[in-house]
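Letter by letter, the chains look like this.
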Amino acid sequence: MSNVAPLLQVKNLRVEFPTRRGTLVALDDVSFDISPGEVLGVVGESGAGKSMTGAAIIGLLEPPGRIAKGEILLGGRRIDNLRYEEMRRIRGKEIGAIFQDPLTTLNPLYTVGRQLAETMTTHLPIGPGEARKRAIEWLEMVGIPAAAQRIDSYPHEFSGGMRQRVVIALALCAEPKLIVADEPTTALDVSIQAQVIALLKRLAREKGTAMMLVTHDMGVIAETADRVAVMYAGRVAEIGPVREVVKHANHPYSAGLMASIPPLDRRVERLAQIDGAMPRLSAIPKGCAYNPRCPQVFDKCRTYRPDLINAGTTQAACWLYDTEAPRG
Amino acid sequence: MAAAVNRFFGSDLWWSFTRSPVTVASAVVALVCILGAVLAPWIAPHNPFDLASLNLSDAFKPPAWDEEGAAEYFLGTDDQGRDVLSAIMYGARVSLLVGLSATIFATVLGVSLGLTAGYAGGHVDSVLMRICDIQLTFPSILVALLVDGVVRAVLPREVHDQIALFVVIFAIGISEWPKFARTVRGSTLVERNKEYVQAARVIGVPSVRIMFSHVLPNVVGPVLVVATLNLGLAILSEATLSFLGVGVPPTQPSLGTLIRIGNDFLFSGEWWITIFPGVALIAMVLSVNLLGDWLRDALNPKLR
Amino acid sequence: MFAFIISRILQAVPVMLTVALISFAMFAYVGDPVAIMLGQDFTEAQRDQLVRDLGLDQPFWVQFATFIGHAAQGEFGLSYRLSRPVAELIAERAPATLELAFTAAALALLIGVPMGVYTGLYRNSWLSRFFLTFSLVGVSLPTFLIGILLILVFAVWLGWLPSFGRGDTVKLGWWTTGFLTVSGLKALVLPAITLGLFQLTLIMRLVRAEMMEVLRTDYIKFARARGLPNRAVHFGHALKNTLVPVITIVGLQLGAIIAFAIVTETVFQWPGMGLLFIQSVGAADIPVMSAYLMLIALVFVTINLIVDLLYYAVDPRLRIGRGKGGH
């Protein structure tokens, strides 16, 4: 993979929220790449900055949040400093987005056909007639039965799972090269989740679309992603091939996270858990943010913040893998 | 107590107050209006009700800065030689008295009915809310006018003149209570279904005690906001009724009465008789409304 | 659709009945209509005759039913003050009030909605701040003071516009209109601004608040994430969703305009129903008051019905029968 030019590059991204009690750093020094057609899973606890990273990439950070440092490049072009109108042409056309709750993502007052058609006519050189035809094709592709009739239905006439299929069609219909999917299955019934993930995976592969898949469901990651990034307190703790991270996590936090997944092949009396809770953004400890909870903590962790360093098969932000200055 | 004071000055409420110059300014204006009104008998330059001190030869004097004005009458005089500034201070007293009393009346009525409706539920709730709905369909000024008209028709003229002030307070209060009842009922419904209230019920705490000790404290914020915004409205309603000539009796002129009387002289050029009471009314209502607006935003974390 | 209208009309019936009951109670029990109608000199026989004629010896419900029957035909008896049929008095005055209310409402909507959208979209621009300050002044200014200030400036000082009355009117059947003459239109300007200003600021603040609320929703964020142009996001997606709550309140406000006309008509001596009403309140002329109350209730109920129909047109979620839900 390393010889292919990356589609998306995030370099040292820092997102800040100015508040009256001081500036909160929501993301700090976040870096990763996504290659064309690759699926990058992003995992972590709530508030780790997964969704924030997605919002920063599509250029829709909620004010007063802002990118304070770093760069985001799409196909080698810097997109984090574009004007609103230039970025708008990229959204939908080159980066599609899927949100968490299909019940609230669709405009209740417009038919799904209209919402599909307006997305396509905005980005593609086609007229209303062609857009409608393609809208029906897209509804068929995402598995809506009787698409030709359902195209004039309103969102409330679909079930939650069906609505998320419509959202997927909306995200893909202008044929973007990258999809940012923010917890696309969290709000769905468990029985529907697998179907929707399978659909997303199949369409991404067929269209050659790369995907940043934000979730806290390790099962989804293991099944779908090529590589995975583990986030903790606004930073990337570990990043690497999915198989390696799941089976042989190097960062103590990822290891703890993976140990808390219930294994399918044997019975366990009690699942492993990580003691304590992730720090609030206003109280991130000095040194490694994970040090108060880390079972392998040593002096250096309490003073210096580790960057991502090579840890064999993956990269981990952990002093355990620092070869230059051995632990002490 | 000192701790409570410290907590207040360290609170978000105080912080947002000091951060908004408009709010501070309106608090100052409101304070000046209130002090001027309350202290009128002691600080007003003249007593407009002391007929002996009135001098018809001083009638229609323009404000002091006009060539024909007299320093003694800073804002000029009316047709009977009354000092406009003093009349405004005494008038503001009546306006404020009626506005405050009517708001308190509406608050007490609305909060108790709202609590009852929200807590009792069932038929009590639907009947009370139906009444609210129907009354809210009509603008409050119309309701106040009707109440005033009916009372006027029922009571003999002499009796009516004596208690006219109370009639106005009653009429305005009656016209404003549904807003309070709605607000309180909404919050009560939310609180009622919370687990701690359910728990209190289960262990047999009397309903009335649950309402007052658990539910009421949770609705104080919204009620305070509605009451502040309502005070401005009540003062306006009183002024409107008095302007229409059905409000407070002419023996106790409010700002609205002064504006009505002055209106007759608008065309002959004596604009100050009506405009200055009008400005005073606007200053009072605007400052109260601005404070209410700020309070609503400050207490509503969603808008921050 | 038909069932929807019928159910809404049925919902309006209790409201009208309640108002009718209040109206009737005022009519029957406030003051003594017999004494008022007979004047000073009368015999006991005359008195009994009148009581029978008026049906005052009948039981309450019979009297109430008779009252409703008459009211439905527009009969509210004689005005105590003017000794003329109330219906006639109101019919004479209605065109003036309706034309004034219509003009004021049009003014409030055509200016208030765009201002609300603008201030909702560009919250921090200086023009928004100016509009907001202006609206706060508009809410705090009592209607009669606005009228007085306008009269002072435009009638007394500048002498551009008349300060009272309707100007010349043209008769179209029983309707008299001021829309067709220059003096009629000139006379309309100041009262319409006075009456419309408060509603204008209210509508503006409402649209602004709703707009801000809608702009925070997920579907607006998603519309942005799909790269739709701002114009489509703001005026297509956001504004249409804003309309749903705005329609309700605006409907109620338009009804309120007719009632608020009382004050404006007093300031400008505008010969409408409001002026008639206020004169009746002063003179405790109960038949006119109760007829006016019923009329206003009817206006409100009608407006509510129209609002419901508009809702139905805007929001597809209402068009589906209850049995067929979302899941």
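Residues numbered from 1 in each chain as written. Chains lettered and ligands numbered in written order. Predicted model: local features only at pLDDT ≥ 70, side-chain atom pairs only at ≥ 80, totals over all residues.

Caption draft 1: Examining the overall build of chain B more closely. Broken down by element type, chain B carries 12 helices and 0 strands. Each helix and strand of chain B, ordered N terminal to C terminal, gives the series α-α-α-α-α-α-α-α-α-α-α-α. Across the 304 residues in chain B, those meeting the buried criterion constitute 48%. Within chain B, residue pairs in contact and separated by at least 24 positions form 69% of the contacts whose partners lie at least 6 positions apart. (Helix = DSSP H or I, 4+ residues; strand = E, 2+ residues; numbered from the N terminus. Buried ≥ 20, exposed ≤ 12 C-beta atoms within 10 Å, placed from the backbone. Contact = placed C-beta atoms within 7 Å.)

Caption draft 2: Focus on the UniProt feature "domain: ABC transmembrane type-1" (unreviewed entry) in chain C. The positions UniProt marks with the feature "domain: ABC transmembrane type-1" (unreviewed entry) are residues 94-311 of chain C. Counted over residues 94-311 of chain C, helix gives 80% and strand 3%. Its end C-alpha atoms are 28 Å apart. (UniProt positions renumbered as here; feature names shortened; annotations may be inferred.)

Caption draft 3: Inspection of the interface of chain C and chain B at higher detail. Each side of the interface is counted separately: chain C has 31 residues, and chain B has 34 residues. Put simply, the parts of the chain that give the side of chain C that touches chain B at least two residues each are α1 (2-29), α6 (126-140), α7 (143-157), α10 (230-268), α11 (273-282) and α12 (286-314) of chain C. Take the side of chain C that touches chain B: its biggest share by element is 6 residues, from α7(C). Of the residues that constitute the side of chain C that touches chain B, the class distribution is 26 nonpolar, 5 polar and no charged. (Nonpolar A, V, L, I, M, F, W, Y, C, P; charged D, E, K, R; others polar.)

Caption draft 4: Examining the environment of Leu161(C) more closely. Relative to the assigned elements, Leu161(C) resides in the loop between α7 and β1 (170-172). Not counting residues within four places of it along the chain, the set of residues in contact with Leu161(C) comprises Phe154(C), Ala155(C), Lys186(C), Val189(C) and Leu190(C).

Caption draft 5: Up close: the UniProt feature "domain: ABC transmembrane type-1" (unreviewed entry) in chain B. Under the UniProt annotation, the feature "domain: ABC transmembrane type-1" (unreviewed entry) is placed at residues 92-292 of chain B. For residues 92-292 of chain B, the end-to-end C-alpha separation is 19 Å, with 85% helix and 0% strand making up the annotated structure.

Caption draft 6: Structural detail: the interface of chain A and chain C. If you look at the interface, chain A gives 26 residues, while chain C gives 23 residues. Breaking the side of chain A that touches chain C down by element, the ones donating at least two residues are α2 (84-90), α3 (102-105), α4 (112-123) and α7 (160-172) of chain A. Of all the elements, α4(A) adds the most residues to the side of chain A that touches chain C, at 4 residues. Partitioned by chemical class, the residues of the side of chain A that touches chain C number 9 nonpolar, 10 polar and 7 charged.

Caption draft 7: Summary view of the UniProt feature "transmembrane region" (unreviewed entry) in chain C. In the numbering used here, UniProt assigns the "transmembrane region" (unreviewed entry) feature to residues 12-30, 100-118, 130-160, 172-198, 243-263 and 291-314 of chain C. Secondary structure content for residues 130-160 of chain C is 84% helix and 0% strand, and the end C-alpha separation is 27 Å.

Caption draft 8: Representation of the packing of helix α8 (residues 157-192) of chain B against helix α10 (residues 207-243) of chain B in the model. Residues and elements named next belong to chain B. Between α8 and α10, the shortest axis-to-axis distance is 9 Å and the interhelical angle comes to 155°. When the axes of α8 and α10 are compared, the pair comes out roughly antiparallel. Seen from above, α8 lies across α10 with right-handed handedness. Here the contact of α8 with α10 is built from residues that sort into 12 nonpolar, 7 polar and 5 charged. (Axes fitted to C-alpha atoms, helices over the stretch in contact; angles between N-to-C directions. Parallel < 35°, antiparallel > 145°, perpendicular 65-115°, else oblique. Left-handed = near helix turned anticlockwise from the far one by under 90°.)

Caption draft 9: Molecular detail of the arrangement of the chains. When the 2 pairs of chains in contact are ranked by number of contacts, first place goes to chains B and C. The two units chain A and chain B remain apart, with a minimum C-alpha distance of 10 Å.

Caption draft 10: Up close: the nonpolar core. With 260 residues, the main nonpolar core has Ala169(A), Val230(A), Ile88(B), Val168(B) and Ile257(C) as its most contacted residues. Taken together, domain 1 (2-72) and domain 2 (93-283) of chain C each give at least three residues to this core, which thus spans both. In this view, Ile257(C) contacts Ala101(C), Ala104(C), Ala105(C), Leu195(C) and Gln199(C); residues no more than four positions away in its chain are not counted. (Core = buried A, V, L, I, M, F, W, Y, C linked by C-beta atoms within 7 Å. Domains from an automatic or database assignment.)

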